[in-house]
Each structure stands twice: as structure tokens, then as C-alpha cells.
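Coordinate inspection notes
As a plain string of letters, each chain reads:
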Amino acid sequence: MDELTIAMPKGRIFEEAYELLVNAGYDLPKEIDDSRKLIVEAPNEKIRFILAKPMDVPVYVEHGVADVGIAGKDVMLELDRSVHELLDLGISRCYIATAGLPNTEMNPVTPRIATKYPRIASRFYRGLGEQVEIIELNGSIELAPMIGLADRIVDIVSTGKTLKENGLVEYEKIVDITSRLIANPVSYRLKQDRIQDLVEKLRKQAAR
Ligand SMILES: Nc1ncnc2c1ncn2[C@@H]1O[C@H](COP(=O)(O)OP(=O)(O)OP(=O)(O)O)[C@@H](O)[C@H]1O
Ligand SMILES: O=P(O)(O)OC[C@H]1O[C@H](OP(=O)(O)OP(=O)(O)O)[C@H](O)[C@@H]1O
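Looking at an unreviewed UniProt entry, one finds the protein chain named ATP phosphoribosyltransferase and attributed to Planococcus shixiaomingii. The annotation that UniProt attaches to the protein chain under Subcellular location (unreviewed entry) is "Cytoplasm". UniProt, in its Pathway (unreviewed entry) section for the protein chain, records the words "Amino-acid biosynthesis; L-histidine biosynthesis; L-histidine from 5-phospho-alpha-D-ribose 1-diphosphate: step 1/9."

**Quick look at helix α5 (residues 118-127)**
Within α5, burial applies to Ala121, Phe124 and Tyr125. Down the axis of α5, the smallest arc covering the buried residues is 90°, so these residues share one side. In α5, the exposed positions angled more than 90 degrees off the buried face are occupied by Arg126 and Gly127. Structurally, α5 contributes buried residues whose contacts are with β7 (112-115), β8 (133-136), β9 (152-157) and β10 (169-177). Two residues or fewer after α5 comes Gly129, characterised by a positive phi angle close to 75°.

**Focus on the nonpolar core**
Ile6, Ala7, Val57, Val61, Val68 and Ile70 are the most contacted members of the largest nonpolar core, which has 27 residues in total. Only β1 (4-9), α1 (12-23), β3 (47-52), α3 (57-62), β4 (68-72), β11 (179-183) and α9 (192-206) provide two or more residues apiece to this core. Dropping the residues within four chain positions of it, Val68 is found in contact with Leu4, Ile6, Val61, Leu181, Ile182, Ala183, Ile195 and Leu198. Ala97, Val132, Ile153 and Val154 belong to the second largest nonpolar core, which has 18 residues in total.

Quick notes on the rules
- Residues numbered from 1 in each chain as written.
- Chains lettered and ligands numbered in written order.
- Predicted model: local features only at pLDDT ≥ 70, side-chain atom pairs only at ≥ 80, totals over all residues.
- UniProt positions renumbered as here; feature names shortened; annotations may be inferred.
- Buried ≥ 20, exposed ≤ 12 C-beta atoms within 10 Å, placed from the backbone.
- Helix = DSSP H or I, 4+ residues; strand = E, 2+ residues; numbered from the N terminus.
- Arc of directions from axis to C-beta.
- Contact = placed C-beta atoms within 7 Å.
- Core = buried A, V, L, I, M, F, W, Y, C linked by C-beta atoms within 7 Å.

Pasting the structure below:
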């Protein structure tokens, strides 16, 4: 049996992804859940996990150092990497939307848009025929309209709590997001049986 390397996102997605794999019948060491190790072996399954930042998962998979990975659709849309998207896992559900201060028009000349997702934001406003200036931030995006840095933000909304607590309102929903199972195209050919087996097991769980 070929060894499979899986790039797992640390952070928010990790717990749901781990649970999905365990429920799919994989015998995973507890160590992966509660240590600081970045590479963890599951010897009974001949699986090696790489624990990566969510935005980096498609990078590892595209370069083939991980055969498969789990990545948010937001990351896939933003990075546009050459990987196969095999399955919608249905976990870590949220969406990307525009938001801003209530009852405000955008600057009529060049509106400023703050975001962690410059490509998704550019594509969206281009689609509307709006010329905008994108201001790329790394987090706490909601601050931007509050302190006059931007007219709108493009960011993830899950419960809506962050927008509400900061007095912002949603304007347009851009796209629904869930996590996806992705694969390196060469690995997919060379380790087809193993990867297809993983897809089938996860599909049964994802469909529940
Ligand atoms: N409320 C949410 N906010 C952000 N991401 C969410 C949310 N709900 C689900 N997700 C998913 O989780 C992923 C981000 O996970 P996480 O917040 O752990 O990473 P991150 O923002 O890159 O974190 P870090 O702060 O470590 O840079 C997103 O790519 C998205 O698919
Ligand atoms: O709708 P909600 O349930 O409130 O979730 C949405 C918030 O969560 C994320 O931020 P995160 O916690 O990742 O912090 P960040 O600002 O550092 O990106 C996202 O960027 C929103 O700010």
C-alpha cells in the first residue's frame, strides 16, 4: 500500500476535518490533535499528516509534497492553484460577503475595499463594472470601514457576530464556502486506489 501524505489545515477547520476522518474509519493518533508537532504519522493507515496554515494547503498539494489536502473554497478561489478538487466535505460552512457602515454609498470616484482576499474582491467588483482600489489586510478586516480606511470590506461571515458587534452591515453575498478535499494531479494518477478509497469514505460522511 502506498503511503499517503495529507495536508491538514491548522486552526478552525482542523477539528471538523479530524472528526470527519475518524468517523470515516481512519485510525488516527491522538497526538495529531494535541501536540505542537507539524508532521504526524498514522502508521496503522500508512498516512502522514502535514499540519499547515490554511492558506498554504493548496501550495503543498500543488507542489506534490502532499498528495491530498483539505482547504476552504475561499482559499481555492483566492489562490487558483493547479490542483484537483475532489469532494465538497460540507464542513466549516461560511460565506464571503461585502460589508460596511450602514446606509453609506461607496466613494463615487475610486471606492476602497479592504480584504484578505484581493483576487476574490477584484473579480467581484470587476463583475459589477466597478473600478476599486483594493487594500490588502491580514486580519481584523472589520476595522477598516470603522476607522475610515475603506468604504467596504470583503470578508468571511459565519455567525454575523463580528459585523454586528462592530456596527457594520452586510451589502452583497459573494459566494458560499465549505472545505474541499483537493489532490495533486500526479498523485491522483499514481495513487488512484488510495485516493479514491479516501474519497468514497469521506463522501459517505460528508453526505450525512
Ligand atoms: N468565521 C470564519 N472565519 C474565517 N474562516 C472561517 C470561518 N468559518 C469557517 N472558516 C474557514 O476556515 C478557514 C480559516 O481558518 P482559520 O481562521 O483557522 O485560518 P486563518 O484565518 O488563516 O488563521 P490565522 O489567523 O491562523 O491566519 C477559512 O479558509 C474558511 O474556509
Ligand atoms: O461571522 P462571524 O462568526 O463573526 O465570523 C467572521 C469573522 O471571523 C473571521 O475572523 P477571524 O476570527 O479569523 O479573525 P481575523 O480577523 O484575525 O481574520 C472573519 O474574518 C470575520 O472577521
